[in-house]
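Descriptive structure summary
Here are the chains, one letter per residue:
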Amino acid sequence: MTKIKRLDRLLIQLAIAHFILLLIAQVFLEIPSFKMYTNKSIYYEGVIKGEREPALETIDR
């Protein structure tokens with residue numbers, strides 16, 4: 001087997017493994033009890049913040 005064919009086979013196996021892990025992660029994110037612990041980053045980044053902060057003026061005229 002040539003090196004190119006071996007590399008192609010390895011890349012295909014990695015792509016399949018990546019797809020399977022992606023599906024598993026999506027299934028876990030649909031479980032409400034698991035979702036509660038994995039999606040806390042949106043609260044820290046301020047995405048679900050009810051209030052809007054005033055815009056800052058940087059140039060005084």
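Residues numbered from 1 in each chain as written. Predicted model: local features only at pLDDT ≥ 70, side-chain atom pairs only at ≥ 80, totals over all residues. Heavy atoms only, no water.

Another aspect to go through is the overall build of the protein. Counting its regular elements, the protein contains three helices and zero strands. When its helices and strands are written in sequence order, the protein yields α-α-α. The burial tally for the protein puts 0% of its 61 residues in the buried class. Split by element, the accessible area of the protein, about 6500 Å² in all, is 64% carbon and sulfur. (Helix = DSSP H or I, 4+ residues; strand = E, 2+ residues; numbered from the N terminus. Buried < 20%, exposed > 50% of the residue type's maximum accessible area, 1.4 Å probe, protein only. Areas by Shrake-Rupley, 256 points an atom, 1.4 Å probe, with all protein chains shown as cover.)

What follows is about a nonpolar patch on the surface. Where nonpolar side chains cluster on the molecular surface, the patch consists of Ile12, Ile16, Phe19, Ile20, Leu21, Leu22, Leu23, Ile24, Val27, Phe28, Ile31 and Phe34 and spans about 1100 Å² of accessible area. With ten residues, helix H1 (residues 3-30) is the largest single contributor of residues to the nonpolar patch. Take Ile12: it is sitting in helix H1. (Patch = residues over 30% accessible without salt bridge, like charges linked within 9 Å, V, L, I, M, F, W, Y side chains within 5 Å. Salt bridge = Lys/Arg side-chain N within 4 Å of Asp/Glu carboxyl O.)

With that out of the way, let us pick up the confidence of the model for the protein. The predicted model of the protein averages 78 in pLDDT, with 62% of residues at 70 or higher. Of all secondary-structure elements in the protein, the lowest mean pLDDT belongs to helix H3 (residues 41-44), at 59, while H1 reaches the highest, 93. (pLDDT = per-residue confidence, 0-100.)

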